[in-house]
Number of protein chains: 2
Amino acid sequence: MVSITKNKLKYIRSLQQKKFRQKYNKFIAEGDKLVLEILQSKRTKIELLVGTADWVQAHASLLRQIGEIIPVSERELKQVSALPTPNQALVIAEMLAPEIIPERVQNDWSLYLQTIQDPGNMGTILRIADWFGIQHVFCSFDSADIYNPKVIQSTMGAFLRTQLIRMPFEELTNRFPDLPTYGAVLHGNSIYTHAFPSKGILVMGNESKGLPKDLQAQLDQLITIPAHRVSGMESLNVGVATGIICAALRKG
Amino acid sequence: MVSITKNKLKYIRSLQQKKFRQKYNKFIAEGDKLVLEILQSKRTKIELLVGTADWVQAHASLLRQIGEIIPVSERELKQVSALPTPNQALVIAEMLAPEIIPERVQNDWSLYLQTIQDPGNMGTILRIADWFGIQHVFCSFDSADIYNPKVIQSTMGAFLRTQLIRMPFEELTNRFPDLPTYGAVLHGNSIYTHAFPSKGILVMGNESKGLPKDLQAQLDQLITIPAHRVSGMESLNVGVATGIICAALRKG
């Protein structure tokens, strides 16, 4: 059993904060299942693994590529963990280097998130993209940080199976000028009756402000999830709305 | 300007906790917009309103039925508020007395939530029900408390426009034996191809465990949102799944 030094403890805890994640280009992920997914996905390099001695022994064959492994007691794991109930293992890994796969973007649906600011919504939308096989999720620079530990934990590994790329919308449409662009708004065409093509870019806007007018003006189609009656509601949660529209895109 | 007594301050703060909400049968709601919605909905009796002096003056005509009104300074409002940025007014109101409107249940879709435990999901589902005009949301006794202040704030008034009723599933089906019952599971019939009737009960299960087998066995139909490919995902967030299925029910 190796002990965790004070400096290492401080380093691990620092990654709960965005500024340190950015400084080191690292993030933290916890729990048996998520750690195994990260190990198996091979999309990132793991710098450090802290796990209970039993867990480390049980998964030894998977751990060969890891820079440093610290087997600990459950009590020690509790010291480094940010979870209310630490679950066997925790890793520090390099942030992913997302890639645009041009032929995939060209022939499929992608998402563009304009100023999605809530980390919970960001995590939910990545799960939706993963569920519906939408591989590319683009977002504006002012959207939430997916490496927020709460997002990482809540996406249940979806961040490993999608390409999340920050770029201005104009850059995306300049690169793929032929793709039809769709924006979700409150007074567009009904998603129930629209015949969606097999590819395109679905643009979702900010939680409270929706899509800016100047962005709407650049889009080919504005679409809406019809409210069943004139309810008092102004909008659905953006994650829910994304799910409903993705289901409509994929139903064909 | 009246001051808030220490006892009153203590009472207001106590309502952040479920045990005191249940003891007093009261809940707390904050913010200009939500407070106005509660006042206008007339679905609950307001015991106490704490508002900035300007706000109280501006809405005097709406405030006649209220037991006690305490106009305060912004600084005082901050003392009683649980919001990071208090917003003009706060009320303590009686918990709603939800009602079953039999002819509505009999002729429309309703939801049944089996052990939905996350307050955020509960709030999201109430917003979805409101959006799609689903008036009755039934839930098991072990589902989350909607009077959790975070839920109340996040539903944006949807709790005022739906009837949320706790009862065992069997009681609901005994009362409405002719309604078709649908359960969301991972390996059911595709929602894309199923012809939904114009009424029924949609049953959604627990966040991690889904619907218990014995409950599944009681249902007429098991339905699924098809994943677009065999992704690594086990499930969509239950709020998102509820939204997607409700859209499918209502598209006809």
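Residues numbered from 1 in each chain as written. Chains lettered and ligands numbered in written order. Predicted model: local features only at pLDDT ≥ 70, side-chain atom pairs only at ≥ 80, totals over all residues. Heavy atoms only, no water.

## Points about the relation of the copies chain B and chain A
Stated precisely, the cut-off is as follows: The copies were overlaid by least squares, fitting only the C-alpha atoms of residues that reach a pLDDT of 70 or more in each copy. A contact between two residues is defined here by any heavy atoms of the two lying within 4.5 Å.
Least-squares fitting of chain B to chain A yields an RMSD of 0.1 Å, with the superposition described by an axial translation of 0.0 Å and a rotation of 180 degrees. As the rotation angle and translation indicate, the two copies are arranged about a two-fold axis. A share of 100% of the interface residues of chain B reappears at the interface of chain A, consistent with the copies meeting face to face through the same patch.

## Some thoughts on the pattern of salt bridges
Residue and element names in this part refer to chain A. The condition that has to hold: Here a salt bridge means any side-chain nitrogen of Lys or Arg lying within 4 Å of a carboxyl oxygen belonging to Asp or Glu. By the criteria applied, helices consist of DSSP H or I runs no shorter than four residues and strands consist of E runs no shorter than two, each listed in order from the N terminus. Only protein chains enter the calculation, and the probe is 1.4 Å; a residue is then buried if its accessible area is under 20% of its type maximum, exposed if over 50%, and partly exposed in between.
The full count for this structure, using the stated rule, is 14 salt bridges over all chains. A salt bridge links K8 to E68; its shortest N-O distance comes to 2.7 Å. Residue K8 is located in helix α1 (residues 6-14), and its partner E68 is located in strand β3 (residues 68-72); the two are separated by 60 residues in the primary sequence. For K8, a relative accessible area of 22% corresponds to the partly exposed category. In this structure, R161 and E37 form a salt bridge, with 2.6 Å as the shortest nitrogen-oxygen distance.

## Side note on the sheet that holds strand β9 (residues 200-204) of chain A
Residues and elements named next belong to chain A. Here is the rule: Here, strands pair whenever DSSP counts at least two bridges between them. Axis definition: a line fitted to C-alpha atoms, limited for helices to the stretch in contact. Angles are taken between N-to-C directions and run from 0 to 180 degrees.
Overall, parallel pairing links the six strands, which are arranged β7-β6-β5-β9-β8-β10 in an open sheet. Single-partner strands in this sheet number two, and they are β7 (163-166) and β10 (221-224). When strand polarity is set aside, the average angle formed by the axes of neighbouring strands in this sheet is 35 degrees. Running at roughly 175 degrees to strand β5 (residues 109-113), helix α7 (residues 119-131) makes contact with β5, β6 (136-139) and β7 of the sheet.

## Observations regarding the domain arrangement of chain A
Residues and elements named next belong to chain A. Note the threshold: Residue ranges for the domains trace back to a domain assignment, done automatically or taken from a database. A quick way to say it: buried area is the sum, across both parts, of accessible area lost when two parts are put together, with a 1.4 Å probe. Identification of polar contacts relies on pairs of N or O atoms within 3.5 Å, with a donor-acceptor requirement for protein atoms, meaning one able to donate a hydrogen and the other able to accept it, and with residues adjacent in sequence counted only if both atoms are side-chain atoms.
When the domains of chain A are assigned, the result is domain 1 (6-94) and domain 2 (102-249). Averaged C-alpha coordinates put domain 1 and domain 2 at centres separated by 31 Å. Listed as interface residues are 14 residues of domain 1 and, on the opposing side, 13 residues of domain 2. Summing both partners gives a buried area of about 1100 Å² for domain 1 against domain 2, and 56% of it is carried by carbon and sulfur. Of all residues in domain 1, F27, L34 and R43 give up the largest surface area on contact with domain 2, accounting jointly for 43% of the area buried on that side. Our enumeration of links across domain 1 and domain 2 arrives at two salt bridges. For the salt bridge of R21 with D145, the shortest nitrogen-to-oxygen distance reads 2.7 Å. Where domain 1 touches domain 2, the interface holds seven residue pairs in polar contact (both at pLDDT 80 or more). Elements supplying a minimum of two residues to the side of domain 1 that touches domain 2: α2 (18-24), β1 (26-30) and α3 (32-41).

## A closer look at the sheet that holds strand β9 (residues 200-204) of chain B
Residue and element names in this part refer to chain B. Spatial ordering of the open sheet is given by β7-β6-β5-β9-β8-β10, a layout of six strands whose pairing is parallel. Taken across any chain shown, the strands that pair with only one partner, and hence form the sheet edges, are β7 (163-166) and β10 (221-224). The average angle at which neighbouring strand axes cross in this sheet is 35 degrees, direction not considered. Bridge count between strand β8 (residues 181-190) and β10: five bridges; the pairing is parallel. In the strand pairing of β10, Y182 is matched with Q221. Relative to strand β5 (residues 109-113), helix α7 (residues 119-131) is tilted by about 175 degrees, and along the sheet it contacts β5, β6 (136-139) and β7.

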